[in-house]
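Structural features, examined
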Amino acid sequence: MLKSYIKGVGHYVPENIVTNDDLSKLMTTNDEWITERTGIKERHHRKNRNDSEETTAYLGFKAAESALKMAGMTGKDIDYIVFATLSPDYYFPGCGVLLQEMLGCETVGALDVRNQCSGFVYAMSVANAFIKAGQYKNILVVGAEIHSFGLDFSDAGRGVSVIFGDGAGAIILSA
């Protein structure tokens, strides 16, 4: 039976850093309160809530570029894409298909796992099963989320909005 291994790893976060002090200007909170409960000092958000360029697929693209570079590969070397997100750019097509085009991949299969916290683990599990079955040799697995557009930055949302940011991670899983 074939085994899989991680050939490349990448990540990407938007440049815009949101600190606990920034959030204290929007809601009743402070650095000490957030740090004590979460350990978080800062998170990354895209600059504009309505940004049409820095999308979930784009975050995944930037993370995938890094993973491909580490693996010494290009988009043409990818056999399949599994993209985990609960904040897709569209309901249809999925981010995996959008990413395929951005990377210049050949026409390969792409599926989205619409799950958030455990989505990347599920996506990696699917990719691992494909490799063990001998169906594919190089699978791009991406997890990406844009939370900033859906967070409530008032006192009512303080328990959640201090936790989440925007970003992506990617691996190349190979046979």
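Residues numbered from 1 in each chain as written. Predicted model: local features only at pLDDT ≥ 70, side-chain atom pairs only at ≥ 80, totals over all residues. Heavy atoms only, no water.

**A look at the pattern of salt bridges**
- Scanning the model with the defined rule gives five salt bridges in all.
- Glu 65 is the salt-bridge partner of Lys 62, the closest N and O atoms lying 3.3 Å from each other. Pair noted here: Lys 62 and Glu 65 are both in helix α3 (residues 56–71), with a separation of three residues, about one helical turn.
- For Lys 62, a relative accessible area of 24% corresponds to the partly exposed category.
- With a closest N to O distance of 3.8 Å, Glu 106 and Lys 76 form a salt bridge. Of this pair, Glu 106 sits in the loop between α4 (95–103) and β5 (109–113) while Lys 76 sits in the loop between α3 and β4 (80–84), and the two are 30 residues apart along the sequence.
- A residue is classified by how much of its surface remains accessible, and Glu 106, at 42% relative accessible area, is partly exposed. (Salt bridge = Lys/Arg side-chain N within 4 Å of Asp/Glu carboxyl O. Helix = DSSP H or I, 4+ residues; strand = E, 2+ residues; numbered from the N terminus. Buried < 20%, exposed > 50% of the residue type's maximum accessible area, 1.4 Å probe, protein only.)

**Let's talk about a nonpolar patch on the surface**
- Residues Ile 6, Val 9 and Met 70 make up a contiguous nonpolar surface patch of about 290 Å² in total accessible area.
- Positionally, Val 9 belongs in strand β1 (residues 5–12). (Patch = residues over 30% accessible without salt bridge, like charges linked within 9 Å, V, L, I, M, F, W, Y side chains within 5 Å. Areas by Shrake-Rupley, 256 points an atom, 1.4 Å probe, with all protein chains shown as cover.)

**A few points about the packing of α3 against α4**
- At a minimum axis separation of 9 Å, α3 and α4 run at an interaxial angle of 55 degrees. Between α3 and α4, the interaxial angle falls into the category oblique. For the crossing formed where α3 meets α4, the hand is right-handed. Here Thr 56, Ala 57, Tyr 58, Gly 60, Phe 61, Ala 64, Glu 65 and Leu 68 of α3 lie close against α4, whose contacting residues are Cys 95, Leu 98, Leu 99, Met 102 and Leu 103.
- Here the residues of the contact of α3 with α4 sort into 10 nonpolar, two polar and one charged. (Axes fitted to C-alpha atoms, helices over the stretch in contact; angles between N-to-C directions. Parallel < 35°, antiparallel > 145°, perpendicular 65-115°, else oblique. Left-handed = near helix turned anticlockwise from the far one by under 90°. Contact = heavy atoms within 4.5 Å. Nonpolar A, V, L, I, M, F, W, Y, C, P; charged D, E, K, R; others polar.)

**Quick notes on the pairing of β4**
- Across the five residues that make up β4, a large majority, five, are buried.
- By the alternation rule, side chains of β4 split into Tyr 80, Val 82 and Ala 84 and Ile 81 and Phe 83, which are all buried.
- Handedness of the β-α-β unit built from β4, α4 and β5 comes out right-handed.
- Pairing geometry for β4 and strand β6 (residues 138–145), over five bridges, is parallel. Note that in β6 the partner of Tyr 80 across the bridge is Ile 139. (Right-handed = clockwise from strand over helix to strand, strands pointing away. Pairing = 2+ DSSP bridges.)

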